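Geometric and topological summary
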Amino acid sequence: MKEVTEAVNNLSISGGAAAAGAEGHKKNRIQVSNTKKPLFFYVNLAKRYMQLHNEVELSALGMAIATVVTVAEILKNNGLAVEKKIMTSTVDVKDETRSRPIQKAKIEILLGKTEKFDELMAAAAEEREAAEAEEQS
């Protein structure tokens, strides 16, 4: 878990090719997969995005929808985020095995910072630093 947190903290977010992705890609959007990364990678990444942009949009297709909802609920239950908007839709996805496109469910959840976000993040950082100092002594 520590490695995941460090990877998220060391992440540099820029307007380069990686951030550009597709046309119209938002800088504060996280496209969640339920197979590629652990759950708390997305939780920590969402916290980081909220620090930078004051809000984050979580997006997922199909089976990954449960992961997005779980990430949003963790952030809300910890007092870090409030729901601003939830959008659901279906999208056509091309499947190589079939000749016709298949429809997949899509969800987008827009979360904003709570008033206590910065205070809670500062307290968590202090706890982490104290734990690291204790480990070293």
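Everything below is about the structure printed above this text.
Conventions used here
- Residues numbered from 1 in each chain as written.
- Predicted model: local features only at pLDDT ≥ 70, side-chain atom pairs only at ≥ 80, totals over all residues.
- Heavy atoms only, no water.
- Patch = residues over 30% accessible without salt bridge, like charges linked within 9 Å, V, L, I, M, F, W, Y side chains within 5 Å.
- Areas by Shrake-Rupley, 256 points an atom, 1.4 Å probe, with all protein chains shown as cover.
- Salt bridge = Lys/Arg side-chain N within 4 Å of Asp/Glu carboxyl O.
- Lys, Arg positive; Asp, Glu negative; His and termini not counted.
- Charge placed at Lys NZ, Arg CZ, Asp CG, Glu CD.
- Helix = DSSP H or I, 4+ residues; strand = E, 2+ residues; numbered from the N terminus.
- Contact = heavy atoms within 4.5 Å.
- Expected span 1.5 Å × (residues − 1).
- Buried < 20%, exposed > 50% of the residue type's maximum accessible area, 1.4 Å probe, protein only.
- Core = buried A, V, L, I, M, F, W, Y, C linked by side-chain atoms within 4.5 Å.
- Axes fitted to C-alpha atoms, helices over the stretch in contact; angles between N-to-C directions.
- Parallel < 35°, antiparallel > 145°, perpendicular 65-115°, else oblique.
- Left-handed = near helix turned anticlockwise from the far one by under 90°.
- Nonpolar A, V, L, I, M, F, W, Y, C, P; charged D, E, K, R; others polar.

1. So, a negative patch on the surface
On the surface, Glu 126, Glu 127, Glu 129, Glu 132, Glu 134 and Glu 135 cluster together into a negatively charged patch. Counting through the fold element by element, Glu 129 comes out in helix α5 (residues 117-136).

2. A word on unusual backbone geometry
Positive phi, close to 70°, is recorded for Asn 54, a residue that is not glycine. Position of Asn 54 among the secondary structure elements: in the loop between α3 (39-53) and β2 (55-61).

3. So, the side chain of Thr 114
When you line up the elements, Thr 114 lands in the loop between β4 (102-113) and α5. Other than its neighbours up to four places away in sequence, Thr 114 contacts Gly 79, Leu 80, Ala 81 and Val 82.

4. Here's the deal with α3
The terminal C-alpha atoms of α3, which comprises 15 residues, lie 21 Å apart, in line with the 21 Å expected from a rise of 1.5 Å per residue. What α3 keeps buried is the set Phe 41, Tyr 42, Val 43, Asn 44, Leu 45, Ala 46, Lys 47, Tyr 49 and Met 50. Asn 54 lies just past α3 and shows a positive phi near 70°.

5. With respect to the nonpolar core
Residues Ile 30, Val 56, Leu 58, Ala 60, Val 68, Leu 75 and Leu 111 are the most contacted members of the largest nonpolar core, which totals 26 residues. Counting only elements with at least two residues in this core, the list comes to α3, β2, α4 (65-77), β4 and α5. In terms of residue count, the dominant contributor to this core is α3 (7 residues). Ignoring anything within four residues of it in the chain, the contact list for Leu 58 reads Ile 30, Ala 46, Val 68, Val 71, Ala 72, Ile 107, Glu 108, Ile 109 and Leu 111.

6. A few points about the packing of α3 against α4
Here α3 crosses α4 at 55°, and the two axes come no closer than 10 Å. Relative to α4, α3 is oriented oblique. Judged by the twist between their axes, the crossing of α3 over α4 is right-handed. On the side of α3, the interface is formed by Leu 39, Phe 40, Tyr 42, Val 43, Ala 46, Lys 47 and Met 50, while α4 contributes Thr 67, Thr 70, Val 71, Ile 74 and Leu 75. For the contact of α3 with α4, the residue count by class is 9 nonpolar, 2 polar and 1 charged.

7. Things to note about the pattern of salt bridges
Tallied over the full model, the rule gives 7 salt bridges. Here Arg 29 and Glu 57 are joined by a salt bridge, their closest N and O atoms 2.8 Å apart. Here Arg 29, found in strand β1 (residues 29-31), pairs with Glu 57, found in strand β2; they are 28 residues apart in sequence, far enough to count as distant. The residues Arg 29 and Glu 57 share a single accessibility class, namely buried. We note a salt bridge from Glu 108 to Lys 106, for which the minimum N-O separation is 4.0 Å. Taking relative accessible area as the criterion, Glu 108 reaches 12% and is therefore assigned buried.

Function-wise, these values are silent; they only describe arrangement.
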